[in-house]
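# Chain and residue survey
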Amino acid sequence: MYDIILDTLMDGIRLLPFLFVTYIVMEYIEHKMSAGTRRVVQASGRFGPLIGSIAGIFPQCGFSAAAASLYAGRVITRGTLIAIFLSTSDEMLPVFISQQVPVKTILSVLGMKVVIGMVAGFLVDVVFSMVKKEPEQKMDIHHMCEHDHCHCEDGILKSAFVHTSQIFFFIILVSFILNLVIAGIGEESLTEIILNQPLIGSLLSGIVGLIPNCAASVVITQLYLDGAMSLGAMMSGLLVGAGVGLIVLYRTNDSLRENLRITVILYAIGVAAGIAIDFLGITL
C-alpha cells in the first residue's frame, strides 16, 4: 500500500508544472489578450497537429494532460488533441533506454508515432470541419472558469492555482484507484491477456493502452522487447495510450458524448495503424 500511495503521489507531482503553466497561459489568453489576438491564436491552431505530434513524443504525460485542458477551453483543435494523444510516448522511451534498445529502433518508433499522430490529427480536423459541416469551435476558456468556480476576477495566478489544484486532486484520486486495481490484478496477469497475434494482439493491446496509467505503457513496451508481441500490436497500445490525458479530458470537458467520441477515435486510429503495420510486414 505504501508503494501504491508513493507512486500515485509521484506521478501526480510530476504533472503539476505542466498543469500550472497551462492554466496560467489559458487565463492570460482569456483576460489579457484582445479578441483579435485570441482569434489569431486560435487560427494558428490549425497547424497544431504538426506541432503537437512532435511535442508529444517527449516522455511526459503532463503534456497530454495540458492538451486536454487546452482542448476543453477550445484553445486547440480536436485534431491537435488527437495528434498529441497518439504521439505521447509516456514510459516507452525510458524503458527503451534502460533496455539499451538501438537508437535506430527508438527513432523509428518515435518517428512512426509522430507521422501517424500528425496525419491523423489533420484528417480529424478536416473530417469534422468539412464532412460533418461542424461550425468552427470558439475559444471558451471562461466556461471552464464557471465550471470550476475559480473566481477569475481575483487574478490570473489565483485562478490558475485553483484550476491546477482541482485537476491535481482528481488525477490523484483516479490514479490511486487504478493503481489499486492493477496491483490487485498483477502486471503479470495483465500481460497474459495480450496475444502475439497480428489482429487480436492489436485489438487487446489498444484496450490496455486506454488504461490511463504508466503501467500500461511499461507492460506493452516490455512485452515487445521480450518478443511476446508484434511491432504492430505494440504500436496499437502505445498510440492509444495517452497517459492521464483522458482522465483530464473527462474532468474538464463537459460533453460526455464528445469525450467518448474522442476516445473511440483514438482507439480506432491506434488499432488500425497497428494492424496496418503488421499487415505490411514492417519490423524493426
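Just so we're clear, the structure is a prediction, and the values are computed from it rather than from any experiment. In every chain, residue numbers begin from 1 and rise along the written sequence. Only residues with pLDDT of at least 70 are given local features in this predicted model, and only at 80 or more are side-chain atom pairs given and counted; all residues enter the totals for whole chains, interfaces and linings. Side-chain metrics in this entry use all non-hydrogen atoms of the structure; hydrogen atoms and water are not considered.

## Brief notes about helix α12 (residues 214-225)
Secondary structure elements follow DSSP: runs of H or I of four or more residues count as helices, runs of E of two or more count as strands, with numbering from the N terminus. Multiplying one less than the number of residues by 1.5 Å gives the expected span of a helix. End to end, α12 covers 17 Å across twelve residues, agreeing with the expected 16 Å (1.5 Å per residue, within 8%). Only protein chains enter the accessibility calculation, which uses a 1.4 Å probe; a residue is then buried when its area is under 20% of its type maximum, exposed when over 50%, and partly exposed in between. When α12 is considered as a whole, its buried residues turn out to be A215, A216, S217, V219, I220, T221, L223 and Y224. Downstream of α12 by one or two residues, G227 has phi in the positive range, about 80 degrees.

## Structural notes on the nonpolar core
Counting residues in each nonpolar core, the largest one holds 52 residues, and the members touching the most others are L81, M234 and M235. Every element with two or more residues in this core is listed here: α4 (62-72), α5 (78-87), α6 (92-98), α7 (103-131), α12, α13 (231-240), α14 (245-252) and α15 (256-279). Not counting residues within four places of it along the chain, the set of residues in contact with M234 comprises F96, V109, S205, I220, Y224 and M229. For the purposes of this section, nonpolar cores are sets of buried Ala, Val, Leu, Ile, Met, Phe, Trp, Tyr and Cys residues that join through side-chain atoms within 4.5 Å. Contacts are assigned to residue pairs that have any heavy atoms within 4.5 Å of one another.

## Quick word on the packing of α12 against α13
When two helices pack together, their arrangement is captured by the angle between the axes and the distance separating the axes. Fitted lines through C-alpha atoms serve as axes, helices being fitted only where they are in contact, and the angles separating the N-to-C directions of these axes extend from 0 to 180 degrees. Following both chains from N to C, one finds α12 and α13 inclined at 170 degrees, their axes separated by 9 Å at the closest point. Compared by their axis directions, α12 and α13 come out roughly antiparallel. Residues S217, I220, T221 and Y224 of α12 form the contact with α13, whose participating residues are L231, M234, G237 and L238. Residue composition of the contact of α12 with α13, by class: five nonpolar, three polar and no charged. Any angle between 65 and 115 degrees counts as roughly perpendicular, while under 35 counts as roughly parallel, over 145 as roughly antiparallel, and the rest as oblique. Think of it as three bins: nonpolar holds Ala, Val, Leu, Ile, Met, Phe, Trp, Tyr, Cys and Pro, charged holds Asp, Glu, Lys and Arg, and polar takes everything else, Gly as well.

## A word on the side chain of S64
For S64, the location among the structural elements is in helix α4. Throughout this description, a polar contact denotes any pair of N or O atoms lying within 3.5 Å of each other; where both atoms belong to protein, one of them has to be capable of donating a hydrogen while the other can accept it, and for residues adjacent in sequence the pair is counted only when both atoms sit in side chains. Side-chain polar atoms of S64 contact the backbone nitrogen of G245, separated by 3.4 Å.

## Description of the packing of α7 against α15
Packing of α7 against α15 brings their axes to within 11 Å, and their N-to-C directions diverge by 135 degrees. By the angle between their axes, α7 is oblique relative to α15. Remark: the crossing between α7 and α15 carries right-handed chirality. Along the contact surface, α7 presents M112, I116, A120, V124 and F128, while α15 presents R261, I265, I269, A273 and I277. Residue classes in the contact of α7 with α15 are distributed as nine nonpolar, no polar and one charged. Put simply, a crossing is left-handed when the front helix is turned counterclockwise from the back one by less than a right angle, and right-handed when it is turned clockwise.

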